[in-house]
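Descriptive analysis of the structure
Listed below are the residues making up each chain.
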Amino acid sequence: MTSSTALEDEIEQRTREIGRDIWNRLERRRPTVFESRWWLDHVLEWAMADQAVKVQMFRFVDALPMLRSSESVTQHLQEYFEDVRLKLPLAARLGLDIAEHDSLLGKALAFSARTNARKMAERFIAGSRVDEIFQAVTKLRKKGLAFTLDLLGEAVISEPEAEAYQRAYLDLITGLAPQVAKWPEHPVIDRDLRTWAPRCNVSLKLSALDSQFKPLDARGTSERVKARLRPILRAALEHDAHVHIDMEHYHYKNLTLRIFKEVLLEEEFQRMDHVGIVIQAYLRDSGEDLRSLRQWAEERGTPVWVRLVKGAYWDYETVAAQYRGWPTPVYLEKWQTDANFEQQTRYLFQNHEWLRPAIASHNLRSLAYAMAAADVEELPEEAWEIQMLYGMAEDQALLFAEEGQRVRVYTPFGEMLPGMAYLVRRLLENTSNDSFLRHAYDRDVKIDDLLRSPSPPRSTLP
């Protein structure tokens, strides 16, 4: 019988082998100057070179949807980039210096800014209409990638907005599912451990189904949300679609889990297994939540999917907890989140008969670790999947797919300009100091550093 330490050592060794292999193969797949993403990659690379430039660029992109005239766009460009103008390319400096707000040059500058921002958004957002979305997911399909669709938008503050959100998903399922059902079968992305997996897969936020989503009114909120969620689940059952519940701020976590569990215990949905929820590894109680989900799934008698992510609201959670004088719910050090992510990956693999694992990350170490753990523990490839974001690390996703791994792409859809807030989050993630995607541009990065097991910084060790 293999000891726990020996098993961990074997997984660690396989993690480094898999990680190095992926890294070396990625080196041979960089985009060329003739590909449009090469230009965007170099814009991001240029932005990453200076923190001040990056901040001002993303501030402008975030504000752009609210700018109604070319004059206001030009004015904001000049104001935002004034402090960093000497770091801009010469042509950009000249344009900002001589463009008057209401001049022909100013209008041309504003048009160019809007056009480039839209092109950037199109890389991360699939479209707004069902036909555009179908074209986007068809392209993913041809590359051997599955998808899950998420509707972008700001917080729902009225009942008509909540109804519109529900209607968007009903229209998406009823409009898209029959189209993707006509696709030829794909033996990897259409098959899970037990049966054929739904091709139409959607992700939604429960808070968007109720304008008064309040944890303090847990019972009332739960009933209102379930009333709007049930038709979506019925449509999914009728059209063979998967519904995944996204996780948001920590304040909403327990209520989101409560609603998820309650509605799926109802007789109508108790046998529904093409459904899932998100668990965030940066939360200190994520392990406890997974154990509770595992017990609930076994009592329910039907497994559910779990998308394991690291979490996207770290700044908000730390500031909100400090402001209210509450204990911080998230790990304060990145290595702690990474270590917990690996620990919960192993837990999901060991309990995959009830919690079907969807490992969502772009971090090379995290994904190599998941592949190594699945390999060492002899987990069937169809028993789990990798999930990645639309428009990010496509070469990496394709490499995993070529290895016979099911890869699902989290694909946002909606109006481009209102989706700018999402775009800014993705750009920040794409250029954060700890992101593997950032290191992909760095020719001096050492692969051993990227693949090092999560541990405290060396300076803090005794």
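Predicted, not measured: the structure shown is a model, and the values here were computed from it.

1. Observations regarding the packing of aromatic side chains
If you walk through the whole model with that rule in mind, you get seven aromatic pairs. With a centroid separation of 6.4 Å and 85° between ring planes, the pair formed by Phe147 and Trp183 is classed as edge-to-face. Placement of Phe147 in strand β1 (residues 146-151) and of Trp183 in the loop between α8 (159-180) and β2 (200-204) is noted, with a sequence separation of 36 residues between them. Sitting over the ring of Trp196, Arg191 keeps its end group 4.1 Å from the ring centre. One cation-aromatic arrangement involves Lys310 over Phe341; the distance from NZ or CZ to the ring centre is 5.2 Å.

2. Some thoughts on unusual backbone geometry
Of all residues except glycine, most have a negative phi; of all peptide bonds, most are trans. In the Ramachandran plot, Asp240 falls in the positive-phi region, its phi being about 55° despite a non-glycine side chain. Topologically, Asp240 is positioned in the loop between α9 (218-239) and β3 (241-245). Backbone geometry at Ala393 places phi at a positive 55°, although glycine is not the residue there.

3. Quick notes on the pattern of salt bridges
For the structure shown, the criterion picks out 38 salt bridges. Here Glu385 ties to Arg408 by a salt bridge, and the two come within 2.7 Å at their closest N and O atoms. Pair noted here: Glu385 is in strand β7 (residues 385-389) and Arg408 is in strand β8 (residues 407-413), with a separation of 23 residues, a long-range link. Look at Glu385 and you get buried, because its relative accessible area is 2%. The buried category is assigned to Arg408, whose relative accessible area is 4%. Sharing partners across several salt bridges, the network here consists of Glu12, Arg16, Glu342 and Arg365.

4. A closer look at the packing of α8 against α9
Between α8 and α9, the shortest axis-to-axis distance is 10 Å and the interhelical angle comes to 5°. The orientation of α8 with respect to α9, classified from their angle, is roughly parallel. Between α8, through Glu159, Ala162, Glu163, Gln166, Tyr169, Leu170, Ile173, Thr174, Ala177 and Pro178, and α9, the contact on the second element is made entirely by Ala227, Arg228, Pro231, Ile232, Ala235, Ala236 and His239. The class makeup of the residues in the contact of α8 with α9 is eleven nonpolar, three polar and three charged.

5. Focus: empty space enclosed by the protein
Inspection of every chain in the model, using the stated rule, returns three cavities of 30 Å³ or more. In this structure, the largest cavity occupies an estimated 110 Å³ of space. In this structure, the largest cavity is lined by 14 residues; those nearest its centre are Asn201, His242, Trp305, Glu385 and Arg408. Sorting the residues of the lining of the largest cavity by element identifies β3, β5 (304-309) and β7 as the ones contributing at least two each. Its residues assigned to classes, the lining of the largest cavity shows four nonpolar, five polar and five charged. The space that makes up the second largest cavity amounts to roughly 60 Å³.

6. Some words on helix α6 (residues 104-124)
Taking 1.5 Å per residue as the helical rise, α6 with its 21 residues ought to reach 30 Å, and the 31 Å between its terminal C-alpha atoms agrees with that figure. Residues Gly106, Ala110, Ala113, Ala117, Met120, Ala121, Arg123 and Phe124 constitute the buried set of α6. All buried residues of α6 lie within an arc of 155° about the axis, which places them on one face of the element. Looking at α6, the residues exposed on the side facing more than 90 degrees away from the buried face are Leu104, Phe111 and Lys119.

7. Looking at the sheet that holds β5
Hydrogen bonding along the main chain pairs the strands of a sheet, whether they run parallel or antiparallel. Read around the closed barrel, the eight strands follow the order β1-β2-β3-β4-β5-β6-β7-β8; overall the barrel is parallel. Each adjacent strand pair in this sheet contributes to an overall mean axis angle of 30°, direction not counted. Note that β7 and β8 share four bridges and pair parallel. By the bridge assignment for β8, Leu389 is matched with Tyr410. Across the sheet, helix α15 (residues 394-402) lies against β7 and β8, angled at about 165° from β7, the strand it touches most.

8. Brief notes about the environment of Asp448
On the secondary structure map, Asp448 appears in helix α18 (residues 447-450). Overall, Asp448 belongs to the partly exposed group, its relative accessible area being 39%. Considered as a pair, Asp448 and Arg365 are 83 residues apart in the sequence and their alpha carbons are 9.9 Å apart.

9. Here we look at the packing of helix α1 (residues 4-27) against helix α14 (residues 364-376)
Two elements in contact, α1 and α14, have axes whose closest approach is 8 Å; the angle formed by their N-to-C orientations is 125°. One finds that α1 runs oblique with respect to α14. Read as a crossing pair, α1 and α14 show a hand that is right-handed. Of α14, the residues touching α1 (which contributes Leu7, Glu10, Ile11, Glu12, Arg14, Thr15, Ile18, Gly19, Ile22 and Trp23) are Leu364, Arg365, Ala368, Tyr369, Met371, Ala372, Ala373, Asp375 and Val376. Here the residues of the contact of α1 with α14 are counted per class, giving twelve nonpolar, two polar and five charged.

10. Comments concerning the pairing of β7
In the case of a regular strand, side chains alternate between the two sheet surfaces. Within β7, five of the five residues are buried, which leaves it mostly tucked inside the rest of the structure. Residues Glu385, Gln387 and Leu389 of β7 are buried on one face, and the alternating residues Ile386 and Met388, pointing to the opposite face, are buried as well. Bridging between strand β6 (residues 355-360) and β7 involves three bridges; their strand directions are parallel. Each bridged residue has a counterpart across the sheet, and for Ala358 the counterpart in β7 is Glu385. Crossover β7 to β8 through α15 is right-handed.

11. A short note on α14
The α-helix winds at 3.6 residues per turn, so residues separated by three or four positions along the chain end up facing the same way. End to end, α14 covers 18 Å across 13 residues, agreeing with the expected 18 Å (1.5 Å per residue, within 8%). Across the 13 residues that make up α14, a large majority, twelve, are buried. Its side-chain oxygen placed 3.0 Å from the backbone nitrogen of Arg365, Asn363 serves as the N-cap of α14. Where α14 terminates, the next one or two residues include Glu378, which has phi positive at roughly 55°.

12. Side note on the side chain of Thr221
Here Thr221 shows up in helix α9. Of note is the side chain of Thr221, whose polar atom sits 3.5 Å from the backbone oxygen of Gln212.

Thresholds applied
Residues numbered from 1 in each chain as written. Predicted model: local features only at pLDDT ≥ 70, side-chain atom pairs only at ≥ 80, totals over all residues. Heavy atoms only, no water. Phe/Tyr/Trp six-rings, centres within 6.5 Å; stacked < 30°, edge-to-face > 60°. Helix = DSSP H or I, 4+ residues; strand = E, 2+ residues; numbered from the N terminus. Lys NZ or Arg CZ within 6 Å of the ring centre and 35° of its normal. Salt bridge = Lys/Arg side-chain N within 4 Å of Asp/Glu carboxyl O. Buried < 20%, exposed > 50% of the residue type's maximum accessible area, 1.4 Å probe, protein only. Axes fitted to C-alpha atoms, helices over the stretch in contact; angles between N-to-C directions. Parallel < 35°, antiparallel > 145°, perpendicular 65-115°, else oblique. Contact = heavy atoms within 4.5 Å. Nonpolar A, V, L, I, M, F, W, Y, C, P; charged D, E, K, R; others polar. 1 Å grid on protein atoms, 1.4 Å probe; cavity = no way out; pocket = protein on both sides within 12 Å on 5 of 7 lines; lining within 4 Å. Points joined across faces, edges and corners; volume = space filled by probe spheres on them. Expected span 1.5 Å × (residues − 1). Arc of directions from axis to C-beta. Pairing = 2+ DSSP bridges. Left-handed = near helix turned anticlockwise from the far one by under 90°. Right-handed = clockwise from strand over helix to strand, strands pointing away. Polar contact = N/O pair within 3.5 Å; in protein donor to acceptor, adjacent residues only side chain to side chain.

Nothing here speaks to function; it is geometry throughout.
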